[in-house]
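The primary structure of each chain is shown beneath.
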Amino acid sequence: LRTVALVYLFILLVVPVSLIFWRSFEHGFGQFWDWITTPAAISALQLSLIIVAIVVTLNVVFGIATALALVRGKFPGKGFLQAVVDLPFAVSPVVVGVALILLWGHGGWFGGIESLGFRIIFGFPGLVLATIFVTLPFVVREVEPVLREKPRAWRVWLVLVFLWFSCLNMYFLPTRMGMMESILR
């Protein structure tokens, strides 16, 4: 049984990763370097890093707050909040994309925002919204058991939140104005 599991793991992980490396470097490292240093690739990496910084920050704040509410609180609508948190686990990402387009697109419920000059669905805010929708439930579901087990564990998470914000301020404070201008553009 162990051999079957290891063979399955090998097929599932090692083969695809090795194929990715082989296809990436089949023309040599120089060609690979040329591909990843194009302006489009650098721009995509910068966009990804900005999205990661924003989404991780929002996930820490709202994920811990939601987990605290679900663990400590007794309020009407708690079951509904549980269902909303679990929704991304049950819905296909394609359906989520269509729903975001229907909500934030030109003819959607919130589509009027585009007429004010804010491009949501096919812009930066849409990428952030979609990423938060997919990742927030993982944060909530990982923090919940810790908060259930240890009555004072929320203080540890609070310290982690403050550490995260202090790290973000140290790196992004000098360029915050330039970053905000590029995001709002």
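Remember, predicted model here, so these are calculated numbers, not experimental data. (Residues numbered from 1 in each chain as written. Predicted model: local features only at pLDDT ≥ 70, side-chain atom pairs only at ≥ 80, totals over all residues. Heavy atoms only, no water.)

Some details on a nonpolar patch on the surface
- A contiguous nonpolar surface patch, about 1200 Å² in accessible area, is contributed by Leu-6, Val-7, Tyr-8, Leu-9, Phe-10, Ile-11, Leu-12, Leu-13, Val-14, Val-15, Leu-19 and Trp-22.
- Here Leu-19 lies in helix H1 (residues 2-25). (Patch = residues over 30% accessible without salt bridge, like charges linked within 9 Å, V, L, I, M, F, W, Y side chains within 5 Å. Areas by Shrake-Rupley, 256 points an atom, 1.4 Å probe, with all protein chains shown as cover. Salt bridge = Lys/Arg side-chain N within 4 Å of Asp/Glu carboxyl O. Helix = DSSP H or I, 4+ residues; strand = E, 2+ residues; numbered from the N terminus.)

A short note on the side chain of Ser-24
- Note that Ser-24 resides in helix H1.
- In this structure the side chain of Ser-24 is engaged in a polar contact, spanning 2.8 Å, whose partner is the backbone oxygen of Ile-20.
- Discounting residues that sit within four places of it in the chain, Ser-24 has contacts with Phe-32 and Trp-35. (Polar contact = N/O pair within 3.5 Å; in protein donor to acceptor, adjacent residues only side chain to side chain. Contact = heavy atoms within 4.5 Å.)

Considerations on the side chain of Asn-59
- By the secondary structure assignment, Asn-59 is in helix H3 (residues 39-72).
- The class for Asn-59 is buried, based on a relative accessible area of 6%.
- Polar contacts involving the side chain of Asn-59 include one to the side chain of Thr-135, which spans 2.7 Å.
- Contacts of Asn-59, omitting those with residues within four sequence positions, involve Ile-64, Ile-132, Thr-135, Leu-136 and Val-139. (Buried < 20%, exposed > 50% of the residue type's maximum accessible area, 1.4 Å probe, protein only.)

Considering the nonpolar core
- Counting residues in each nonpolar core, the largest one holds eight residues, listed as Ile-64, Ala-67, Leu-70, Val-71, Val-85, Val-140, Val-143 and Leu-147.
- Mapped onto this core, the elements with two or more residues apiece are H3 and helix H6 (124-149).
- Take this core: its biggest share by element is four residues, from H3. (Core = buried A, V, L, I, M, F, W, Y, C linked by side-chain atoms within 4.5 Å.)

Quick word on the confidence of the model for the chain
- In the predicted model, the chain carries a mean pLDDT of 80, and the fraction of residues at 70 or more is 81%.
- In this model residues 170-185 is a low-confidence stretch, pLDDT under 50, and it forms eight contacts with partners more than four residues away in sequence or in other chains. (pLDDT = per-residue confidence, 0-100.)

What about the packing of aromatic side chains?
- For the structure shown, the criterion picks out seven aromatic pairs.
- Measuring from centroid to centroid gives 6.3 Å for Phe-29 and Trp-33, while their planes differ by 25 degrees, and the two rings are stacked. Pair noted here: Phe-29 and Trp-33 are both in helix H2 (residues 29-36), with a separation of four residues, about one helical turn.
- Considering the side-chain rings of Phe-89 and Phe-138, the 5.0 Å spacing of their centres and the 85 degrees angle between planes classify their relative orientation as edge-to-face. One end of the pair, Phe-89, is in helix H4 (residues 78-90); the other, Phe-138, is in helix H6, with 49 residues separating them in the sequence.
- Note on Phe-89: relative accessible area 43%, which makes it partly exposed.
- An aromatic cluster is present here, built from Phe-21, Phe-25, Phe-29, Phe-32 and Trp-33 joined pairwise through their rings. (Phe/Tyr/Trp six-rings, centres within 6.5 Å; stacked < 30°, edge-to-face > 60°.)

Some thoughts on H6
- A rise of 1.5 Å per residue sets the reference length of H6, with its 26 residues, at 38 Å; its end C-alpha atoms lie 38 Å apart and thus fit the reference within 8%.
- Of all the bends in H6, the greatest, near 35 degrees, is centred on Thr-135, and the proline Pro-137 appears no more than four residues after it.
- Within H6, burial applies to Phe-124, Gly-126, Val-128, Ile-132, Pro-137, Val-140, Arg-141, Val-143, Glu-144 and Leu-147. (Expected span 1.5 Å × (residues − 1). Bend = angle between axes of the 7 residues up to and from the residue.)

Considerations on the packing of H3 against H6
- Contact geometry for H3 and H6: axes closest at 6 Å, N-to-C directions at 40 degrees. Our classification of the angle between H3 and H6 gives oblique. Our pair here, H3 against H6, has a crossing hand that is right-handed.
- Here the contact of H3 with H6 is built from residues that sort into 21 nonpolar, five polar and four charged. (Axes fitted to C-alpha atoms, helices over the stretch in contact; angles between N-to-C directions. Parallel < 35°, antiparallel > 145°, perpendicular 65-115°, else oblique. Left-handed = near helix turned anticlockwise from the far one by under 90°. Nonpolar A, V, L, I, M, F, W, Y, C, P; charged D, E, K, R; others polar.)

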